[in-house]
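These are the residues of each chain, in order.
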Amino acid sequence: MGALRRRRGSLMAGVVVLAGVLVAGVACSSSTLTAEQRTALAEVAAAYDQAEQGLANAFEADVVVPNLERWQETETLHQEALVALRDALPEGSCRASIEDLLKIEEGQNAIRLRLIENYRQEQYALVAQETTQYGISVVNGALQAEAAVPVACGRSSVDPAVTGGDPGSLTPEQNALFDAVLAAYAATREAFDGAFSVSEFVSDVENVGVAEAAVAKELDEVIAQLGDGPCKTSLVEVRAVEQQQAELREVIIEKGKAGDLVAMFTALGEYTAVNSTSEPFTTARQSAVDNCGAEV
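This one's a predicted model, so the numbers in the text were calculated from it and none came from an experiment.

Rules behind the numbers
- Residues numbered from 1 in each chain as written.
- Predicted model: local features only at pLDDT ≥ 70, side-chain atom pairs only at ≥ 80, totals over all residues.
- Heavy atoms only, no water.
- Helix = DSSP H or I, 4+ residues; strand = E, 2+ residues; numbered from the N terminus.
- Buried < 20%, exposed > 50% of the residue type's maximum accessible area, 1.4 Å probe, protein only.
- Contact = heavy atoms within 4.5 Å.
- Areas by Shrake-Rupley, 256 points an atom, 1.4 Å probe, with all protein chains shown as cover.
- pLDDT = per-residue confidence, 0-100.
- 1 Å grid on protein atoms, 1.4 Å probe; cavity = no way out; pocket = protein on both sides within 12 Å on 5 of 7 lines; lining within 4 Å.
- Points joined across faces, edges and corners; volume = space filled by probe spheres on them.
- Phe/Tyr/Trp six-rings, centres within 6.5 Å; stacked < 30°, edge-to-face > 60°.
- Lys NZ or Arg CZ within 6 Å of the ring centre and 35° of its normal.
- Expected span 1.5 Å × (residues − 1).
- Bend = angle between axes of the 7 residues up to and from the residue.
- Salt bridge = Lys/Arg side-chain N within 4 Å of Asp/Glu carboxyl O.
- Axes fitted to C-alpha atoms, helices over the stretch in contact; angles between N-to-C directions.
- Parallel < 35°, antiparallel > 145°, perpendicular 65-115°, else oblique.
- Left-handed = near helix turned anticlockwise from the far one by under 90°.
- Nonpolar A, V, L, I, M, F, W, Y, C, P; charged D, E, K, R; others polar.
- Disulfide = S-S within 2.5 Å.

### What to know about the overall build of the protein
Regarding its fold elements, the protein presents 11 helices and zero strands. In the protein, the succession of helices and strands from N to C terminus is α-α-α-α-α-α-α-α-α-α-α. Here the protein holds 296 residues, and the buried ones make up 46% of them. Sequence separation of 24 or more characterises 74% of the internal contacts of the protein that already satisfy a separation of 6 or more. A total accessible area of about 13700 Å² is found for the protein, and carbon and sulfur atoms account for 55% of it.

What follows is the structure, encoded as structure tokens:
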């Protein structure tokens, strides 16, 4: 979450410096901040910095990408186990069902690899697209193909660990290979569950929201004390972008709690369009710096 982490060094620096400029009396307005207001802004900055540090550790690419890569590695081992079982089988429905599943797995490999690369580049809108494609692949193909294999191979469709249908369909050696497939599949489920720490991420975003709400309150008080002029106008523009950020954080939190990863990543992609490195925010901040007389 490098883009979010970088907010720590931009938003708070901008707010505190702008506040300091106003206190120094070099702003366009005749109003100045009191000592209490300066202290409050400093305390808010410290709280914000602490919250952002937690956020930086949640969905940071260098934390999440290795988890995604481990998931892909377990999927590769699962596919290798399927290939070993297929190659040990004669022609027939059991072998055909495994071949059908492998074709779907190959398509999912391509999706996972794109997802990993897009996450590495922090292209969250594209991550949302790939997550959608993967979900479609699971619902419209993988689940049915996975369920068909044990039935076609004489294993129970309810509990593939035990035989069902024609117990003589597989030899002991083939059953051992089937058990290896099941073990590899279980490992993929565990790796998938560990790929995204959604609850931790949502909690960190909530913490940042609380800290930034305090920042917004203090900035609103500063704006209210200023007379009309370029300085006030610029600070209002900064506040407007900050409001967009706050609204998107709420969507990220809501969708994350609901387990809707596609919508969460979509909102995260939209967030990058207004975050601290975005054109709207940097333009508004520079305008405030210029019109309020500060050098950042």
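### A closer look at the confidence of the model for the protein
The predicted model of the protein has a mean per-residue pLDDT of 78, with 74% of residues at 70 or higher. Segment residues 1–31 is flagged for pLDDT under 50; beyond a separation of four residues in sequence, or across chains, it makes 91 contacts in the model.

### Looking at the side chain of Ser97
With respect to the helices, strands and loops of the structure, Ser97 is situated in helix H5 (residues 93–120). With relative accessibility at 8%, the residue Ser97 sits in the buried group. Ser97 has contacts with Ala148, Val149, Ala152 and Cys153, leaving out every residue within four places of it along the chain.

### What about the layout of surface pockets?
The volume enclosed by the largest pocket comes to roughly 310 Å³. Surrounding the largest pocket, 20 residues form its lining, Trp71, Tyr134, Gly135, Val138 and Phe192 being those nearest its centre. Contributions of two or more residues to the lining of the largest pocket are made by helix H4 (61–87), H5, helix H6 (124–152), helix H7 (172–193) and helix H10 (261–271). Top contributing element to the lining of the largest pocket by residue count: H6, with seven residues.

### What about unusual backbone geometry?
One non-glycine residue, Glu122, adopts positive backbone phi at about 55°. Summarising the element assignment, Glu122 is placed in the loop between H5 and H6.

### Examining the packing of aromatic side chains
This structure, assessed with the given rule, holds four aromatic pairs. Here the aromatic rings of Trp71 and Tyr134 are separated by 5.3 Å at their centres, their planes lie at 80°, and the arrangement is edge-to-face. Here Trp71 is found in helix H4, whereas its partner Tyr134 is found in helix H6, with 63 residues between them in sequence. For Tyr134, a relative accessible area of 11% corresponds to the buried category. Site record: aromatic cluster; members linked through ring pairs are Trp71, Tyr134 and Phe192. Taking the ring centre of Trp71 as reference, the NZ or CZ of Arg112 above it sits at 5.5 Å.

### Describing H6
Taking 1.5 Å as the rise per residue, H6 with 29 residues should run 42 Å; its terminal C-alpha atoms sit 40 Å apart, in good agreement. Of all the bends in H6, the largest measures some 45° and sits at Val138. Taken together, the buried positions of H6 are occupied by Tyr124, Val127, Ala128, Glu130, Thr131, Tyr134, Ser137, Gly141, Ala142, Ala145, Val149 and Pro150. In the core, the buried residues of H6 are packed alongside H4, H5, H7 and H10. Downstream of H6 by a residue or two, Gly154 has a phi angle that is positive, lying close to 75°.

### Describing the pattern of salt bridges
Within this structure, the stated rule accounts for 15 salt bridges. Residues Arg95 and Glu99 are paired through a salt bridge, measuring 3.3 Å at the closest nitrogen-oxygen approach. Here Arg95 and its partner Glu99 are both found in helix H5, four residues apart, which amounts to about one turn of the helix. A residue is classified by how much of its surface remains accessible, and Glu99, at 29% relative accessible area, is partly exposed. One network of salt bridges, with partners in common, ties together Glu75, Glu105, Arg112 and Arg189.

### Digging into the packing of H6 against H10
For the pair H6 and H10, interaxial distance at closest approach is 7 Å and the crossing angle is 165°. Relative to H10, the element H6 is oriented roughly antiparallel. Read as a crossing pair, H6 and H10 show a hand that is left-handed. The residues of H10 that touch H6, namely those facing Tyr124, Ala125, Val127, Ala128, Thr131 and Thr132, are Leu261, Val262, Phe265, Thr266, Leu268 and Gly269. A breakdown of the residues in the contact of H6 with H10 according to their chemical character gives eight nonpolar, four polar and no charged.

### Regarding the state of the cysteines
Under the counting rule described, the total for this entry stands at one disulfide. With a sulfur-sulfur separation of 1.9 Å, Cys94 is cross-linked through a disulfide to Cys153. The sign of the 95° torsion about the S-S bond sets the Cys94-Cys153 disulfide as right-handed. Taken together, the residues Cys94 in helix H5 and Cys153 in the loop between H6 and H7 connect sequence positions 59 residues apart. Judged by relative accessible area, which is 10%, Cys94 ranks as buried.

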